[in-house]
Amino acid sequence: MELKKDLPAIFEEFAEQRKKSFLTIKKLKEEGTPVVGVFCTYLPKEIPNAMGAAVVGLCSVSDETIPDAEKDLPRNLCPLIKSSYGFAKTDKCPFFYFSDLVVGETTCDGKKKMYEMLGEFKPVHVMELPNRQSEEGYAMYRREIIRFKELLEEKFGTVITEDAIRHQIHVRNEITKELLRMQYLMANDPAPVSGLDIVNTAYGSGFNMEVEKLAGRIKEVADMIEKDYAEGKNVGKRPRILVTGSPSGGAALKVIRAIEDSGAVVVAFENCSGLKSMVLTDEENPDVYDALARRYMGIGCSCMSPNPNRLEMLDRLIDEFKVDGVVDIILQACHTYNVETALVGKLVKEKKGIPYTIVETDYSQADVGQIKTRMEAFIEML
Amino acid sequence: MITMGIDSGSAMTKAVLYDGEKIVACRMEPSGSSPGKVMRRLYEEMKTPDTCYVVATGYGRELLPEADKVITEITCHGAGAAYLYPDCEAVIDIGGQDSKVILLNDNGQVRDFLMNDKCAAGTGRFLEMTMVRVGSDIEVIDDFVKGAEPAVINSMCAVFAESEIIGLLAQETKPGDIVLGCINSICRRTAIFAQKLISGKTNVFFSGGLAQSEAIRKTLAGYLGVDEVKTHPMSQYNGAIGAAILGYQRALRKK
């Protein structure tokens, strides 16, 4: 029988999920399960899951392999791209090592070009992601999803049926619903738990290979938070911060820590592994490929032009989570998110009338002191 | 009732005592390699029997355990400027390690701010280095550039700018022209940075050590497109003054 754990232990477990999955992947691989490594939230995981493959995230979030990456890549490039390439090149990432196929999408310029170089050490498939959320864009991405499905069928000698995809859409929707429910518990004022715990749980859940059981696991966490909150447990009255911007797991969590150490709480995390990609797929749509294309193309990433969905989501989240201030995290040389700060700043300051600040950073720990000063000053201002 | 504000900056540690109306004492010493010790010494030596509240600020703000409260230099510079220049709408501070632009609301509270803490070329350190390179000292910068014609400094980086300065010296460019060129460079850079927050006619208060130089104030006003930037003989104590004032407000609330 499994021992009943308390919330801090469960948060710890989710935060450690990425590391724990290294062994799971090895085991799955030995059992003959195909492993598909992916980079962005734009990839419909339902397709590889429908053929029973394990899907692992390859975006790297530490500065460990950046010096190796810089042998081939320019210094002035986004740390996520350099780190991901570096881990792949040095074979230090077990997920990359065990991947039978690596899939990228034509998202930002840096990633597109990096995938070309990645092809030298691994089989790489790049899905052509349109840059515009139009009917033509959906139709094109629908074709790309079918092409991806056919490639998997051919490479792994299998057949992926529409029923299997439909089932995975349902499974993924249930996971998304629970992740949304958990994150929306932070809309309560005072907030029930620290934002770092929620961010780590959402991020860690992406590395859980037991997809069918995952919704249930997240439900348990949400239930426990709800129960503790009903019993009066919470973080107390604090300034409420929304974080947005570039993908910000791993080393970039230093910004979240600086915010929460300064006495505020991160109630909403609009980045990749947070609320940005939490959209449901239409299960009623008889065309599974069309349903997936619309769901994934709807993600408000700055590689879309224009990118109205991000601004609409921010506008809504600021109200729903009763946000006092917005922090935009920009990874160095992430041009698309960096340029969008002008639009986001306008929305937050002028339309919503709350303070907004930008933190440009990378995966090093060199600027921890400076970030601390800025976040403390920002919170003193609220 | 007296409150103390201590600002442990990257170059200098500043401490002031405030009695609710005026600054009754002030001291400044180099922060050196043990900023905590310098803070402690100033605290011990300046503390009076009726000093009831101490606020620490600046890079070393966590190093004084006796402090009742730690507040960032952004908030303190805002409060200090609102005291030294009551009509102030924006503060530009060029410090030893960073530069910042702070917008104030009608109550003198911080409304928005920007910090440049990534690049030395926009900081006081850049000019200090230039003055050493030409064999002079930052204290006499106004006399040094009297009647000078600014040399053009192209480099965007403090380290490369130094190489450029060596090159100019080798061409026998007058040291005064080089220094004025550097002043232009740093002021232009600061104005470009500040225009993200400051637009049109704004009452700007300029703080930090460089604000004592008339040549720098005039050049900065020119690039900002305003008639003048205000400063105060005590502008280098701005952060410490703000800390003492914020401490006084807190001490009153505690009573």
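Everything below is about the structure printed above this text.
Residues numbered from 1 in each chain as written. Chains lettered and ligands numbered in written order. Predicted model: local features only at pLDDT ≥ 70, side-chain atom pairs only at ≥ 80, totals over all residues. Heavy atoms only, no water.

Moving on to the pairing of strand E8 (residues 110-116) of chain B. Residue and element names in this part refer to chain B. Of all seven residues making up E8, five are buried, and the element is well covered by its neighbours. For strand E7 (residues 99-104) and E8, the ladder comprises six bridges, and the chain directions are antiparallel. Bridge pairing in E8 places Ser99 opposite Asn116. Where E7 hands over to E8, the hairpin turn is made up of five residues, of which Gly108 adopts a positive phi near 75°. (Buried < 20%, exposed > 50% of the residue type's maximum accessible area, 1.4 Å probe, protein only. Helix = DSSP H or I, 4+ residues; strand = E, 2+ residues; numbered from the N terminus. Pairing = 2+ DSSP bridges.)

Residue and element names in this part refer to chain A. A complete count under the given rule lists 57 salt bridges over all chains for this structure. A salt bridge links Asp315 to Lys351, with the nearest nitrogen and oxygen atoms 2.4 Å apart. Taken as a pair, Asp315 in helix H14 (residues 308-320) and Lys351 in helix H15 (residues 335-351) lie far apart in primary sequence, 36 residues in all. Residue classification places Asp315 among the buried positions, given a relative accessible area of 15%. (Salt bridge = Lys/Arg side-chain N within 4 Å of Asp/Glu carboxyl O.)

For the rest of this paragraph, the subject is the packing of helix H1 (residues 7-15) of chain A against helix H11 (residues 211-230) of chain A. Residue and element names in this part refer to chain A. The contact between H1 and H11 brings their axes to 11 Å, and the two run at 145°. Along this stretch, H1 crosses H11, giving a crossing that reads as left-handed. Taking contact as the criterion, the partners of Leu7, Ile10, Phe11, Glu13 and Phe14 in H1 are, on H11, Arg217, Ile218, Val221, Met224, Ile225 and Asp228. Taken together, the residues of the contact of H1 with H11 break down into eight nonpolar, no polar and three charged. (Axes fitted to C-alpha atoms, helices over the stretch in contact; angles between N-to-C directions. Left-handed = near helix turned anticlockwise from the far one by under 90°. Contact = heavy atoms within 4.5 Å. Nonpolar A, V, L, I, M, F, W, Y, C, P; charged D, E, K, R; others polar.)

The description of two helices packed together rests on the angle between their axes and the distance between the axes. Residues and elements named next belong to chain B. At a minimum axis separation of 10 Å, helix H3 (residues 124-133) and helix H6 (residues 175-194) run at an interaxial angle of 170°. Relative to H6, the element H3 is oriented roughly antiparallel. Of H6, the residues touching H3 (which contributes Phe126, Leu127, Thr130 and Met131) are Val179, Cys182, Ile183, Ser185 and Ile186. Broken down by class, the residue content of the contact of H3 with H6 amounts to seven nonpolar, two polar and no charged. (Parallel < 35°, antiparallel > 145°, perpendicular 65-115°, else oblique.)

Residues and elements named next belong to chain A. Of all nine residues in helix H12 (residues 253-261), seven are buried, a share of seventy percent or more. Tucked inside the fold, the buried residues of H12 contact helix H10 (195-205), strand E5 (240-245), strand E6 (265-269), strand E7 (325-331), strand E8 (356-361) and helix H16 (368-381). Phi for Gly263, located one or two positions after H12, is positive at around 100°.

Tracing the chain through its elements places Arg374 of chain A in helix H16. For Arg374 of chain A, the residues in contact, after removing those within four places along its chain, are Ile358 of chain A together with Phe113, Met115 and Asp117 of chain B.

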